[in-house]
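# Breakdown of the fold
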Amino acid sequence: MLDLQLHTTDSDGTWPWDKVLEHCRQMGLKAFAITDHDTIARRTDILDWARRKNAMAIPGIELSTRENDQSVHLLGYFLDGPLEKLEKRLTFLCDERNVRNKKIIEKLHAIGFNVTEEELKIAAGRATVGRPHIARLLLEKGHVKSISEAFERFLTPGGAAYFSKEELPLKEGIELLQEAGAVTSVAHPGLLKRNPDELEASMRTWRDWGLDAIEAVYPSYSEEQSSFFFRMAGKLGLLMTGGSDFHGENKPHIKIGTGTGGLHVSDALLEPLLERRKQNEHSRA
Ligand code: AMP
Ligand code: ZN
Ligand code: FE
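A short tour of the structure in this document, coming up. (Residues numbered from 1 in each chain as written. Chains lettered and ligands numbered in written order. Predicted model: local features only at pLDDT ≥ 70, side-chain atom pairs only at ≥ 80, totals over all residues. Heavy atoms only, no water.)

### With respect to the coordination of the iron ion (ligand 3)
Each protein donor to the iron ion (ligand 3) is listed here as Glu62 (OE), His73 (ND1) and His188 (NE2); together their distances run 1.9 to 2.3 Å. Each donor residue of the iron ion (ligand 3) belongs to the same chain, and together they define the spacing E-x10-H-x114-H. The metal-metal distance between the iron ion (ligand 3) and the zinc ion (ligand 2) comes to 5.8 Å. Pair noted here: Glu62 is in strand β3 (residues 57–67) and His188 is in the loop between β6 (183–186) and α8 (196–208), with a separation of 126 residues, a long-range link. A single burial state applies to Glu62 and to His188, both of which are buried. (Donors = N, O, S within 2.8 Å, 3.2 Å for Na, K, Ca; no water. Helix = DSSP H or I, 4+ residues; strand = E, 2+ residues; numbered from the N terminus. Buried < 20%, exposed > 50% of the residue type's maximum accessible area, 1.4 Å probe, protein only.)

In structure tokens, the structure reads:
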């Protein structure tokens, strides 16, 4: 079993990276990837840990991108190329997140909630700050009873304090991650507001832009959805990834490896990804 989408306190998860990795190892997962939002700051630590423990821990990222007026999350794995250009773009995204968080907090203030930028800074530390941090503050202060209530009432599009964040065009994201030596996969494409025909057209375009894979196994997918993505991957020549999207207590119903219980990301998905990693390395050289 694999788990190729895991979040830690380096972005909006609640478990530190090493606790997540250790848990994966003890579960006996064959390979597991940390994919924190818009950061690769932990890459070296993850590689060192993997070497020390002789485990297949993969450094990754979930990059915030946009295509056709919708947010598209782009996963990148391995990252064994030059990283400077990517890091520069990540700094930009991080700065823009701070601008956006300030707007959300001002709006919450205007509605009558007392959440400050200072508190958010303390709560997030050096992490990529996201809406889940703000949701958690609202929860801890007793303004809401759950993270999902915070999202539904305030933080989701249409919610009272929602502001969109800066995202890179998907095409730029794919190129940027590939130059940085990543194998790329679009995260949870089944969550996009697109019907199957639109999804097929999208995936064809993404493949032509150089995308390697799609996330075909995901906790909230129905069996039809999963088999649709399996079929599409075969038809379009895309590889497949899968993951739980674990966020610790910020998504309390999701467990590492098993998602809501029935998730199973097959070991068979790993080899083609490793193969692609090698091929990409050759074409970069
Ligand atoms: P941000 O990066 O600040 O836009 O926050 C996005 C993150 O919020 C996603 O990666 C999800 O983990 C989380 N999220 C989005 N919608 C919800 C929701 N309705 N309930 C809980 N978490 C959510
Ligand atoms: Zn997240
Ligand atoms: Fe995501």
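### Here's the deal with the layout of surface pockets
Of the pockets and cavities examined, the largest pocket occupies roughly 1,400 Å³. In terms of lining residues, the largest pocket is bounded by 44 residues, among which His73, Arg131, Phe151, Thr156 and Leu191 are the most central. Where the lining of the largest pocket is concerned, the elements lending two or more residues are β3, β4 (70–77), α3 (84–111), α5 (131–140) and α6 (147–155). Each pocket or cavity is described by its volume, and for the second largest pocket that value is around 400 Å³. Forming the boundary of the second largest pocket are 16 residues, of which Thr39, Ile40, Ala41, Arg126 and Thr128 lie nearest the centre. (1 Å grid on protein atoms, 1.4 Å probe; cavity = no way out; pocket = protein on both sides within 12 Å on 5 of 7 lines; lining within 4 Å. Points joined across faces, edges and corners; volume = space filled by probe spheres on them.)

### Side note on the site of ligand 1
Taken together, Asp12, His37, Arg97, Arg100, Gly130, Arg131, Pro132, Phe151, Lys165, His247 and Lys251 make up all the residues around ligand 1. A distance of 2.7 Å separates an oxygen atom of ligand 1 from a polar atom in the backbone of Arg131. Within the side chain of His247, one N or O atom sits 3.1 Å away from an oxygen atom of ligand 1. Within the complex, 80% of the 500 Å² of free accessible area of ligand 1 lies under protein. Listing elements by their share of the shell around ligand 1, those giving two or more residues are α3 and α5. Here the shell around ligand 1 is composed, by residue class, of two nonpolar, three polar and six charged. (Near = heavy atom within 4 Å. Polar contact = N/O pair within 3.5 Å; in protein donor to acceptor, adjacent residues only side chain to side chain. Areas by Shrake-Rupley, 256 points an atom, 1.4 Å probe, with all protein chains shown as cover. Nonpolar A, V, L, I, M, F, W, Y, C, P; charged D, E, K, R; others polar.)

### Some remarks on the environment of Val115
Looking at the element boundaries, Val115 is found in the loop between α3 and α4 (117–124). Along the sequence, Val115 and Leu137 sit 22 residues apart, while their C-alpha atoms lie 7.2 Å from each other. Here Val115 is in contact with Ile105, His109, Leu137, Leu138 and Lys141, once residues within four sequence places are set aside. (Contact = heavy atoms within 4.5 Å.)

### So, the coordination of the zinc ion (ligand 2)
Looking at the metal site, the zinc ion (ligand 2) is ligated by Asp12 (OD), Asp12 (OD), His37 (NE2) and His247 (NE2), spaced 2.0 to 2.4 Å from it. Considered as a linear motif, the donors of the zinc ion (ligand 2) on their single chain read D-x24-H-x209-H.

### Some words on α3
Here α3 spans 41 Å end to end across 28 residues, near enough to the 40 Å set by a 1.5 Å rise per residue. When α3 is considered as a whole, its buried residues turn out to be Leu86, Leu90, Leu93, Arg97, Arg100, Asn101, Ile104, Ile105 and Leu108. Looking one or two residues beyond α3, the residue adopting positive phi is Gly112, at roughly 115°. (Expected span 1.5 Å × (residues − 1).)

### Quick word on unusual backbone geometry
In this model, Asp38 sits at a positive phi of 55°, which is unusual for a non-glycine residue. Structurally, the position occupied by Asp38 is in the loop between β2 (31–34) and α2 (43–53). With a relative accessible area of 6%, Asp38 lands in the buried category. Backbone geometry places Asn54, a non-glycine residue, at a positive phi of 50°. Topologically, Asn54 is positioned in the loop between α2 and β3. Accessibility expressed as a relative area gives 72% for Asn54, which makes it exposed.

### Quick look at the packing of α3 against α5
For the pair α3 and α5, the least separation of the axes is 11 Å and the interaxial angle reads 30°. Classed by the angle they form, the pair α3 and α5 counts as roughly parallel. Along this stretch, α3 crosses α5, giving a crossing that reads as right-handed. Only Arg131, Ile134 and Leu138 of α5 make contact with α3, whose side of the interface consists of Arg100, Asn101, Ile104 and Leu108. For the contact of α3 with α5, the residue count by class is four nonpolar, one polar and two charged. (Axes fitted to C-alpha atoms, helices over the stretch in contact; angles between N-to-C directions. Parallel < 35°, antiparallel > 145°, perpendicular 65-115°, else oblique. Left-handed = near helix turned anticlockwise from the far one by under 90°.)

### Concerning empty space enclosed by the protein
One pass over the full model with this rule turns up one cavity of 30 Å³ or more. Empty space within the largest cavity amounts to approximately 80 Å³. Taken together, Asp10, Ile34, Asp36, Thr39, Ile40, Ala41, Arg42, Arg43, Ile46, Pro59, Gly60 and Leu79 form the lining of the largest cavity. Elements supplying a minimum of two residues to the lining of the largest cavity: α2 and β3. Here the lining of the largest cavity is built from residues that sort into six nonpolar, two polar and four charged.

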